[in-house]
Each structure stands twice: as C-alpha cells, then as structure tokens.
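Spelled out, the chains give:
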Amino acid sequence: MAEITKAPQLRYTQDGQTAISEMWVQFPALRSGDPMSTIKVTGWGNLAQQIQEQFQEGDQVIIEGRLGMNTIDRPEGFKEKQAELTASRIHTTDMSVSASATPAASPAPARPAPAPAAIPAPPQPQAEAEPNYDDIPF
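What counts, and where the lines are drawn
- Residues numbered from 1 in each chain as written.
- Predicted model: local features only at pLDDT ≥ 70, side-chain atom pairs only at ≥ 80, totals over all residues.
- Heavy atoms only, no water.
- Helix = DSSP H or I, 4+ residues; strand = E, 2+ residues; numbered from the N terminus.
- Buried < 20%, exposed > 50% of the residue type's maximum accessible area, 1.4 Å probe, protein only.
- Contact = heavy atoms within 4.5 Å.
- Core = buried A, V, L, I, M, F, W, Y, C linked by side-chain atoms within 4.5 Å.
- Arc of directions from axis to C-beta.
- Lys, Arg positive; Asp, Glu negative; His and termini not counted.
- Salt bridge = Lys/Arg side-chain N within 4 Å of Asp/Glu carboxyl O.
- Polar contact = N/O pair within 3.5 Å; in protein donor to acceptor, adjacent residues only side chain to side chain.

## So, the overall build of the protein chain
Along the backbone of the protein chain there are one helix and six strands. Shown N-terminal to C-terminal, the secondary structure of the protein chain runs as helices and strands in the order β-β-β-α-β-β-β. Expressed as a percentage of its 138 residues, the buried residues of the protein chain come to 21%. The contacts of the protein chain with a sequence gap of at least 6 include a subset with a gap of at least 24, amounting to 49%.

Laid out in structure tokens, this is it:
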C-alpha cells in the first residue's frame, strides 16, 4: 500500500506501439523513526493507459506486481542500484477505482454483503470405541 507522490506519466516504446506509464510512490517505513521509502512503479500496455486515466498524485493505492533491480551508470563514475516495481494490478484503498494488466470485464454492480449465517455449535466429541487388536494383520 502506498501513496502516489509523482503523477503518472504516459510514454511509448521507441516503435510507438506499447504504452508505458511511470509514477513514483512512497510507503511507510517498517520501523518508527525511519524515513518513508520511495519507489518507481511502471505499468505496460492497457494497464499503463488505465493508470494514466484513473490515478493522480495523492491517491492511496494498493499495488500488486513484480519487484526488480536496475543498475544505473551515474555521471560521477559509479553504478547505482535502483528498485522498480512493474505493476500487474493497482487498486485504490477505497476500492472505487482499480486497474489490472489483464483485460477485465465491466465491473459488476455493488451488492450489499450477505448477512452472516448462524454458526452451528461444534459437534460433541464421541467416546472412541476400544480398538479390536485381533483385526491387526501382522
């Protein structure tokens, strides 16, 4: 779960065929006192277009995807490793908007949650019969 800190930007591959959306998100630190972590999130194809249309800076989102590491040659003469999340699904925390890398059917209308059914009482333990040792085959 994270907050979008840099609005999604849509671009295309060099051949102009595949859409790519990039944005930056931050999520809380694991320990109190540590700074918040920031990571680049990338979406491809139809998901990239959905991200561009449906999400904006400040949105709270839940992201499913694959984490990868990129090595970048810095002008200062050293290599830097940077984590990047390739998204497969993105949902807002209020679940009113979501995006998925797989083609999705139109969303189903919201239905109220069913009332919880009565939970039956657990069955009473039955006394175990004494095993018949004469039936053991050895």
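## Focus on the nonpolar core
Val 25, Val 41, Ile 63 and Ile 90 are the most contacted members of the largest nonpolar core, which has 14 residues in total. Taken together, the elements giving at least two residues each to this core come down to strand 1 (2-12), strand 2 (19-27), strand 3 (37-44), helix 1 (46-54), strand 4 (60-73) and strand 5 (79-92). With three residues, the top contributor of residues to this core is strand 5. If near-sequence neighbours (up to four positions away) are discounted, Val 25 is found in contact with Ala 2, Glu 3, Ile 4, Thr 5, Ser 37, Thr 38, Ile 39, Val 41 and Ile 63.

## Quick look at helix 1
Residues of helix 1 that are buried include every one of Leu 47, Ala 48 and Ile 51, and no others. All buried residues of helix 1 lie within an arc of 105° about the axis, which places them on one face of the element. Set apart from the buried face of helix 1 by more than 90 degrees, the exposed residues are Asn 46 and Glu 53.

## With respect to the side chain of Glu 84
Structurally, Glu 84 is set in strand 5. Look at Glu 84: it is buried, it has no salt bridge, and the nearest opposite charge is Lys 40 at 4.0 Å. Within the local environment of Glu 84, its side chain forms a polar contact with the side chain of Thr 42, the two groups lying 2.7 Å apart. Glu 84 has contacts with Ile 39, Lys 40, Thr 42, Arg 66, Leu 67, Gly 68 and Asn 70, leaving out every residue within four places of it along the chain.

## Thoughts on the pattern of salt bridges
Considering all chains together, one arrives at six salt bridges under this definition. Of the charged contacts, one joins Glu 22 and Arg 11 as a salt bridge, the two residues approaching to 2.5 Å between their closest N and O atoms. Here Glu 22 is found in strand 2, whereas its partner Arg 11 is found in strand 1, with eleven residues between them in sequence. Judged by its relative accessible area of 39%, Arg 11 is partly exposed. One salt bridge in this structure joins Glu 80 and Arg 74, with 3.2 Å as the shortest N-O distance. With a relative accessible area of 28%, Glu 80 lands in the partly exposed category. Taken together, the shared-partner salt bridges connect Arg 11, Glu 22 and Lys 40 into one network.

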